[in-house]
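Breakdown of the fold
What follows is the residue order along each chain.
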Amino acid sequence: MQQTGYQELIRQQLESLDYQQLEAMMRLSEFHKENPFSPPGLLEILEGLLNGSLLEDPGSVLGQALGYFLGEFFSAGALLLEILVICIIGALLKNASEAEGERAASAVGMMACHYAAVAIAAGSFTAMYAIAWTAIDEMTTFMQALLPMMVSLLVGSGAVTAGAFMSPVMLGAVSLFATVCRLLILPALFLSCSFYLINSLTEQDYIKSLASLIRKFALFVMGLGVLLFSGLSAVQSMVSAPADSLFSKAARYSIGHFVPVIGSFAADSIDLIRTCTALIKAAAGLFGVLALLFLLAVPLLKLLAGVVIYKLAAVVLEPVGDRKMSECMNQIGSTLVALCLVVFLTALMFLFFIAMMAAAGQGGSL
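The structure contained in this document is the topic of the report that follows. From a predicted model like this one, the values you see are computed outputs, not experimental measurements.

Moving on to helix α9 (residues 323-359). With 37 residues, α9 extends 53 Å between its outermost C-alpha atoms, agreeing within 8% with the 54 Å of an ideal straight helix rising 1.5 Å per residue. Among the 37 residues that make up α9, 28 are buried, leaving the element largely enclosed by the rest of the structure.

A complete count under the given rule lists 3 salt bridges for this structure. Residue lysine 302 pairs with glutamate 72 through a salt bridge whose shortest N-O separation is 3.3 Å. Here lysine 302 is found in helix α8 (residues 263-320), whereas its partner glutamate 72 is found in helix α4 (residues 58-99), with 230 residues between them in sequence. Comparing lysine 302 with glutamate 72 shows no difference in burial state: the two are buried. Between aspartate 137 and arginine 182 there is a salt bridge; the shortest N-O distance is 2.6 Å. Taken together, the residues aspartate 137 in helix α5 (residues 103-156) and arginine 182 in helix α6 (residues 160-200) connect sequence positions 45 residues apart. What makes aspartate 137 partly exposed here is its relative accessible area of 29%.

Here we come to the packing of aromatic side chains. Here the structure, examined in full by the defined rule, presents 5 aromatic pairs. Aromatic side chains phenylalanine 73 and phenylalanine 74 sit 5.4 Å apart centroid to centroid with 70 degrees between the ring planes, which places their arrangement in the edge-to-face category. You can call phenylalanine 73 buried: its relative accessible area is 19%. Judged by relative accessible area, phenylalanine 74 falls into the exposed class, the value being 63%. Plain terms: the ring middles of tyrosine 129 and phenylalanine 190 are 4.9 Å apart, the flat faces sit at 55 degrees to each other, and that makes the pair tilted. One end of the pair, tyrosine 129, is in helix α5; the other, phenylalanine 190, is in helix α6, with 61 residues separating them in the sequence. Judged by its relative accessible area of 13%, tyrosine 129 is buried. Judged by relative accessible area, which is 29%, phenylalanine 190 ranks as partly exposed. Among the aromatic residues, ring-to-ring pairing joins Phe125, Tyr129, Trp133 and Phe190 into one connected group.

Residue class for lysine 302 comes out buried when judged on its relative accessible area of 12%. Among the polar contacts made by the side chain of lysine 302, one reaches the side chain of glutamate 72 at a distance of 3.3 Å. Not counting residues within four places of it along the chain, the set of residues in contact with lysine 302 comprises Glu34, Tyr68, Glu72, Met128 and Ile131.

The next subject is a nonpolar patch on the surface. Where nonpolar side chains cluster on the molecular surface, the patch consists of Ile88, Leu92, Leu312, Val315, Val316 and Val320 and spans about 460 Å² of accessible area. Those elements giving two or more residues to the nonpolar patch turn out to be α4 and α8. Inspection of the secondary structure assignment puts valine 316 in helix α8.

Definitions and limits used
Going along each chain's sequence as written, the residues are numbered from 1 onward. Reporting in this predicted model follows two pLDDT cut-offs: at least 70 for local features of residues, and 80 or more for side-chain atom pairs to be given and counted; totals over whole chains, interfaces and linings ignore these cut-offs and use all residues. Only hydrogens and water are set aside; all other atoms, that is, all heavy atoms of the structure, feed into the side-chain values. Only DSSP runs of H or I with at least four residues qualify as helices, and only runs of E with at least two residues qualify as strands; both kinds are numbered from the N terminus onward. Here the expected length of a helix is defined as 1.5 Å per residue gap, with one fewer gap than residues. The buried label goes to any residue with under 20% of its type's maximum accessible area, the exposed label to any with over 50%, and the partly exposed label to all in between, with areas taken from a 1.4 Å probe on protein chains only. One speaks of a salt bridge when a side-chain nitrogen belonging to Lys or Arg is within 4 Å of a carboxyl oxygen belonging to Asp or Glu. Stacked, edge-to-face and tilted are the three classes for Phe, Tyr and Trp ring pairs, Trp counted by its six-membered ring, which pair at centre distances within 6.5 Å; planes under 30 degrees apart are stacked, over 60 edge-to-face, the rest tilted. In the analysis that follows, any N or O atom pair within 3.5 Å is treated as a polar contact, provided that within protein one partner can donate a hydrogen and the other can accept it, and provided that, for residues neighboring in sequence, both atoms belong to side chains. Should any heavy atoms of two residues lie within 4.5 Å, those residues are considered in contact. By definition, no residue in a patch forms a salt bridge, and every one has over 30% relative accessible area; like charges are joined within 9 Å, nonpolar side chains (Val, Leu, Ile, Met, Phe, Trp, Tyr) within 5 Å. For accessible areas, the Shrake-Rupley method is used with a probe of radius 1.4 Å. Any residue's cover is judged against the shown protein chains and nothing else.

Spelled out as structure tokens, the structure:
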């Protein structure tokens, strides 16, 4: 694009930002190769904001998401087929043995098939759990790299109070939230599913209630964390906005009236610099939002495909298998729903942080 005055200022400010590292993090994502989406880079977003042609057709994005989801569903359908075949074989062995009066052989055959189906389901759930863990880890790492750049742009756009407060609070909140997810929420969900699997191998429901309680506790902690951090961020935004507005107006008035000869010119120049910085901040915020959606898309679609598979397996197994096996598949599906919720709420909280930082300082515009 032609280098006008403000575009030259924008180019100089971009050169001081290490945004290439953020773009490289997306390319190094574990899910990058199979991701159907290709978010624009920061420079491309900035040019789109200036030219008024930013985002692609939302319909094509939804079509790509649906296509990827269906591909994952049919790919995971092999799991459903394996479990169904094993359970049908077990049911046939049971009926054949009972018809001949060999109940002991029937019990052994059913137990072997049941154990095999549970082992397959456990292996699949472990893989899904690893996907959720990796998704949260990658989103957290990206946020820890994005926030310092957003804070520097925030201060450069005149929101000094907001930037000074957000730098330690946001980084601390992201790190703390990620630690709680890794050390408490995700392990609790894994333990809950393990208890459901163990319970399905017994005749009585010995630890079903305990497994349900652990899962509810994990979701409660997740919801509480999102509520606390979001509330803290909203309160901070309301408190810092008036201070930044007062600081900006006082600085402009002082430069314009107390600097001789060039005071008005200097104030207008500062206006231009701050406006360019605010534009870059908006572009960086949008880049962060699109990057998080990029990191979220594949893991969430994989987990949702797993949810459908396990819920469908529970429905199909109910008439052909035993009650315990059907309930086991249903509980695994419910635990995957909880994993989806944890991953989605983590991304939602990070998106809220980015949106709040992109909007901060608007009240202090000169």
